[in-house]
Amino acid sequence: MVSRKVKVKNPTGLHLRPAGFLCEEAEKFQCSVQFRFKDTMANAKSVLSVLGACVKSGDEIELICDGVDEQQALDTLVADFESGLGEG
């Protein structure tokens with residue numbers, strides 16, 4: 001299991017478009033991909049789970065990847081967050 005904290009840079013937070021982008025990216029990996037936000041754990045491969053976390057711009061989440069390709073998944077998703085999840 002590997003994890004890293006990232007800051008959400010999208011002006012409107014994880015709304016439908018960036019949430020969909022995040023899920024598409026997470027689905028490319030075999031490992032489980034989740035994130036912790038406040039007291040909530042969300043499945044990054046589920047749009048409804050991501051939207052349900054209510055993550056706003058400027059919030060910090062902890063990405064958690066666990067499985068065979070966990071490091072590659074974490075590195076890719078951190079880069080995606082840093083580039084604005086398809087909106088930057």
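Here goes a summary of the coordinates provided.

## Quick notes on the packing of helix H1 (residues 16–27) against helix H3 (residues 70–82)
- The geometry of H1 relative to H3 is characterised by a closest axis approach of 10 Å and an angle of 160 degrees between their N-to-C directions. Taken as axis vectors, H1 and H3 run roughly antiparallel relative to one another. Between H1 and H3 lies a crossing of right-handed hand. Residue-level contacts link Phe 21, Leu 22, Glu 25 and Ala 26 of H1 to Thr 76, Leu 77, Asp 80 and Phe 81 of H3.

## A closer look at H1
- In this model H1 runs 16 Å from its N-terminal to its C-terminal C-alpha over 12 residues, within 8% of the 16 Å that 1.5 Å per residue would give.
- Residues of H1 that are buried: Pro 18, Ala 19, Gly 20, Leu 22, Cys 23, Glu 25 and Ala 26.
- Buried residues belonging to H1 abut strand S2 (32–37), helix H2 (47–52) and H3.

## Considerations on the pairing of strand S3 (residues 40–43)
- Bridging between S2 and S3 involves 4 bridges; their strand directions are antiparallel. Along S3, the bridge assignment pairs Gln 34 with Asn 43.
- Between S2 and the antiparallel strand that follows it, S3, lie 2 residues; Lys 38 among them carries a positive phi value of about 55 degrees.

What counts and how
In this numbering scheme, every chain counts its residues from 1 along its sequence in written order. Given that this is a predicted model, residues contribute local features only at a pLDDT of at least 70 and side-chain atom pairs are listed and counted only at 80 or more, while totals for whole chains, interfaces and linings are drawn from all residues. Hydrogens and waters are ignored; side-chain quantities use all the structure's heavy atoms. Axis angles are defined between N-to-C directions and span 0 to 180 degrees, where every axis is a line fitted to C-alpha atoms and, for a helix, only to the segment in contact. Labels follow the DSSP assignment, with helices taken as runs of H or I lasting at least four residues and strands as runs of E lasting at least two, numbered in each case from the N terminus. In these notes the angle categories are as follows: under 35 degrees is roughly parallel, over 145 is roughly antiparallel, 65 to 115 is roughly perpendicular, and the rest is oblique. In this scheme the crossing of two helices becomes right-handed for a clockwise turn of the near helix relative to the far one and left-handed for an anticlockwise turn of less than a right angle. Any two residues whose heavy atoms approach within 4.5 Å are treated as being in contact. Here the expected span of a helix is defined as 1.5 Å times the quantity of residues minus one. When a residue's accessible area, from a 1.4 Å probe over protein chains only, is under 20% of the maximum for its type it is buried; when over 50% it is exposed; and in between it is partly exposed. Any two strands with at least two DSSP-identified bridges between them are counted as paired.

By themselves these figures say nothing about function.
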